[in-house]
Amino acid sequence: MKIPRNRRTAIIGGGVAVIAGAATVIGVSLRQAPEKGAVEKPASAYAVCLMSELPLIKGADKRCYKPEALAALEDAPVIGGDGEAASVALSSPTDASAPTKDASTCREYNQLTNEGWYAMTAADMRREDYFKRACGTLVLLGEARAPEATYFENGELSEGDVRSLAQTAKFRIGPEEAPEAAPVVAKDEGSAWRITTGEQVAIIQPIAHADFNADGRGDMLVFVAMRIEGGTATASEIGLVEKAGEDGPVTFEAKD
């Protein structure tokens, strides 16, 4: 799956927004791989379900969204790191003396950035991270379709899935180094999981279970919040957790 250039997301940075909520059973749990050449179900006919409240966009509650309801979220305020509505000032691509234009929703942000408007100051670049993350999530959710099969039991991450993920994914802040300790996996609040490797902590929050890359298999769209224990540095990203067989392995693909 490739997100159009004018609506791609750069998710790392901009603070941590840990998504909390109870798990919702979504999708099916079939024990066979999808047949090659299977007819894909159109994304337009699918209602994607959030497994928890999505505190990136106001009103993105834990429920199922048909395409028209999902599209309506483009007009909802984007939420910043303080839990309040955010706004980003964008500069003209052609006239440096022109006044900036403010965007507070994904529709406003997408319209301006499609025309080349951009965040110029460091402060607005930081605020823009909230829009990239929120609006990029809407793009991914809008491309979801019903899976033909899935290896995620009841459409959820199991402890075994997360343990496999801890071995294959590099959820860390700073340069990649050989881990000083084996990763420790624990259930976190609601449907989230915690992976602790030495001082590195990653919270994996499932957002939705669906086929997000049109391969017929169910994927987990997740939000990952990372920090260093006892430090101030934080990072976050959004991506797909994939499982190609009943016995794994489970892998993570960042969406940037």
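Just above, that's the structure.
These figures come from a predicted structure and were not determined experimentally.

### Here's the deal with the overall build of the chain
Stage number 1. Each helix and strand counted, the chain has 4 helices and 10 strands in total.
Stage number 2. Listing each helix as α and each strand as β along the chain from the N terminus yields β-β-α-β-β-α-α-α-β-β-β-β-β-β.
Stage number 3. Buried residues in the chain amount to 46% of all 256 residues.
Stage number 4. Counting contacts in the chain only where the partners sit at least 6 residues apart, residues at least 24 apart contribute 61% of the total.
Stage number 5. Taken as a whole, the chain presents about 12,300 Å² of accessible surface, with 50% of it coming from carbon and sulfur.

### Describing the packing of aromatic side chains
Stage number 1. Taken as a whole, this structure holds 2 aromatic pairs when the rule is applied.
Stage number 2. A centroid spacing of 5.0 Å and a plane angle of 70° characterise the contact between Phe171 and Phe252, whose relative ring orientation is edge-to-face. Taken together, the residues Phe171 in the loop between α4 (159-168) and β5 (184-187) and Phe252 in strand β10 (residues 250-254) connect sequence positions 81 residues apart. Judged on exposure class, the residue Phe171 and its partner Phe252 are both buried.
Stage number 3. Over the ring of Tyr65 we find Arg63, and its NZ or CZ is 4.1 Å from the ring centre.
Stage number 4. Here Lys187 stacks its cationic end above the ring of Trp193, 5.2 Å away from the centre of that ring.

### A few points about the pattern of salt bridges
Stage number 1. Considering all chains together, one arrives at 10 salt bridges under this definition.
Stage number 2. Salt-bridge contacts for Lys132 lead to Glu128; the nearest nitrogen and oxygen are separated by 3.8 Å. With Lys132 and Glu128 both in helix α3 (residues 122-142), this residue pair falls 4 residues apart, about one helical turn.
Stage number 3. Across the salt bridge formed by Lys255 and Glu253, the nearest N and O atoms sit 3.2 Å from each other.
Stage number 4. Lys255 gets classed as buried once you look at its relative accessible area, which sits at 6%.

### Considering the packing of helix α2 (residues 106-114) against α3
Stage number 1. Relative to each other, α2 and α3 sit at 100°, their axes nearing to 10 Å. By the angle between their directions, the pair α2 and α3 is classed as roughly perpendicular. On α3, the residues that touch Cys106, Tyr109 and Asn110 of α2 are Glu128, Phe131, Lys132, Ala134, Cys135 and Leu138.
Stage number 2. Looking at the contact of α2 with α3, its residues break down into 6 nonpolar, 1 polar and 2 charged.

Cut-offs and rules
Residues numbered from 1 in each chain as written. Predicted model: local features only at pLDDT ≥ 70, side-chain atom pairs only at ≥ 80, totals over all residues. Heavy atoms only, no water. Helix = DSSP H or I, 4+ residues; strand = E, 2+ residues; numbered from the N terminus. Buried < 20%, exposed > 50% of the residue type's maximum accessible area, 1.4 Å probe, protein only. Contact = heavy atoms within 4.5 Å. Areas by Shrake-Rupley, 256 points an atom, 1.4 Å probe, with all protein chains shown as cover. Phe/Tyr/Trp six-rings, centres within 6.5 Å; stacked < 30°, edge-to-face > 60°. Lys NZ or Arg CZ within 6 Å of the ring centre and 35° of its normal. Salt bridge = Lys/Arg side-chain N within 4 Å of Asp/Glu carboxyl O. Axes fitted to C-alpha atoms, helices over the stretch in contact; angles between N-to-C directions. Parallel < 35°, antiparallel > 145°, perpendicular 65-115°, else oblique. Nonpolar A, V, L, I, M, F, W, Y, C, P; charged D, E, K, R; others polar.

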